[in-house]
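# Geometric and topological summary
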Amino acid sequence: MKESRLSGTVAGPVSRRVFVDKQSPSAYHALVETSDAVHAVASDAGLDRTIVELINLRVSQINNCAYCLSVHTRAALRAGETTQRLGVLAAWRDTELFTTQERAALALAEATTEPSNAVAQESAYDAARQALTDDEISAVIWVAITINAFNRVSIMSKHPVRGIPQQ
């Protein structure tokens, strides 16, 4: 019989996690292929890479996915995003740093992540209708769905976040 728990620290036992991406690589590769298709849809819709990364980060903030936050912060910086906007992303509604299109995309991504809030969902969709094309709306929703799936893979696997050497 396999042991399912390791000896813990003062805070209590630490469970061992299965890295589901490694345990079931065919399912993970299908998710990666979906992500590739979604990035193509976003690009074809004209969504800038920074908006895609803002969506990835905002959804990962909501889901508390440390691994995806680490990965997509680096990706956003590579795409030209500023540290100021990344620093206030969690409070995007309280700043004037985001465009109307970005605000609509962020609200729609949040509604996709927390679909049980019907009022917020309708409000987000109404705002998206004013600022985004049908193709952009579809792309935003697909980006949010995809990062939600990756968040769950990383959260349930407890993927570690390792430090990056200083340059």
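In the block above lies the structure referred to throughout.
Our subject in this report is the structure included herewith.

The rules we used
Residues numbered from 1 in each chain as written. Predicted model: local features only at pLDDT ≥ 70, side-chain atom pairs only at ≥ 80, totals over all residues. Heavy atoms only, no water. Core = buried A, V, L, I, M, F, W, Y, C linked by side-chain atoms within 4.5 Å. Buried < 20%, exposed > 50% of the residue type's maximum accessible area, 1.4 Å probe, protein only. Helix = DSSP H or I, 4+ residues; strand = E, 2+ residues; numbered from the N terminus. Contact = heavy atoms within 4.5 Å. Polar contact = N/O pair within 3.5 Å; in protein donor to acceptor, adjacent residues only side chain to side chain. Salt bridge = Lys/Arg side-chain N within 4 Å of Asp/Glu carboxyl O. Axes fitted to C-alpha atoms, helices over the stretch in contact; angles between N-to-C directions. Parallel < 35°, antiparallel > 145°, perpendicular 65-115°, else oblique. Left-handed = near helix turned anticlockwise from the far one by under 90°. Nonpolar A, V, L, I, M, F, W, Y, C, P; charged D, E, K, R; others polar. Expected span 1.5 Å × (residues − 1). Arc of directions from axis to C-beta.

### Let's talk about the nonpolar core
Most often, soluble globular proteins have nonpolar side chains that are buried together. The biggest cluster of nonpolar side chains holds 25 residues, and the ones touching the most others in it are Ala42, Leu47, Ile55, Val59, Leu132, Val140 and Val143. At 8 residues, helix H8 (residues 134-157) tops the list of elements feeding residues into this core. Look past the residues within four positions of Val143 in its chain and what remains in contact with it is Val38, Ala42, Val52, Ile55 and Asn56. Among the nonpolar cores identified, the runner-up in size contains 11 residues, and Leu54, Ala76, Leu106 and Ala124 belong to it.

### Here we look at the side chain of Glu81
With respect to the helices and strands, Glu81 occurs in the loop between helix H4 (66-78) and helix H5 (83-88). A polar contact is formed between the side chain of Glu81 and the side chain of Arg85, at a distance of 2.5 Å. Sequence-distant contacts of Glu81, that is, excluding residues within four places in its chain, are made with Thr50, Leu54, Ala76 and Leu86.

### Section: the side chain of Ser35
Its location among the elements puts Ser35 in helix H2 (residues 25-45). Looking at Ser35, the relative accessible area reads 11%, which means it is buried. Residue contacts for Ser35: discarding those within four places in its chain leaves Thr146 and Phe150.

### Thoughts on the pattern of salt bridges
Side chains carrying opposite charge are able to pair once their charged atoms draw close together. Within this structure, the stated rule accounts for 7 salt bridges. In this structure, Arg85 and Glu81 form a salt bridge, with 2.5 Å as the shortest nitrogen-oxygen distance. Here Arg85 matches Glu81 in class, with each residue buried. One salt bridge in this structure joins Asp134 and Arg129, with 2.3 Å as the shortest N-O distance. On the basis of relative accessibility, which here comes to 44%, the residue Arg129 falls in the partly exposed class. A single network of salt bridges, built from pairs that share partners, joins Arg58, Arg93 and Glu110.

### Quick notes on unusual backbone geometry
Among all residues save glycine, negative phi is the norm, and among peptide bonds the norm is trans. A positive phi is found at Asn64, a non-glycine position, where the angle reads about 55 degrees. Mapping Asn64 onto the fold places it in the loop between helix H3 (49-63) and H4. When its relative accessible area of 64% is taken as the criterion, Asn64 is described as exposed. Positive phi, close to 55 degrees, is recorded for Lys158, a residue that is not glycine. Take Lys158: its relative accessible area is 53%, and that puts it in the exposed class.

### Let's talk about the packing of H2 against H8
It is at 9 Å that the axes of H2 and H8 come closest, and there the two elements cross at 155 degrees. Here H8 runs roughly antiparallel to H2, going by the angle between their axes. Judged by the twist between their axes, the crossing of H2 over H8 is left-handed. Contact residues: Tyr28, Leu31, Val32, Thr34, Ser35, Val38, Val41, Ala42 and Ala45 in H2; Asp135, Glu136, Ala139, Trp142, Val143, Thr146, Ala149, Phe150 and Val153 in H8. For the contact of H2 with H8, the residue count by class is 13 nonpolar, 3 polar and 2 charged.

### Topic: H2
When the terminal C-alpha atoms of H2 are compared, their 30 Å separation across 21 residues agrees well with the 30 Å that a helix rising 1.5 Å per residue should span. Of all the residues in H2, the buried ones are Leu31, Ser35, Val38, Ala42 and Ala45. The arc that holds every buried residue of H2, seen down its axis, measures 90 degrees, which confines them to one face. Turned more than 90 degrees away from the buried face of H2, the exposed residues are Ser26, Glu33, Ser43 and Asp44. Contacts from the buried residues of H2 go to H3 and H8. Remark: Gly46 follows H2 within two positions and exhibits a positive phi of approximately 90 degrees.

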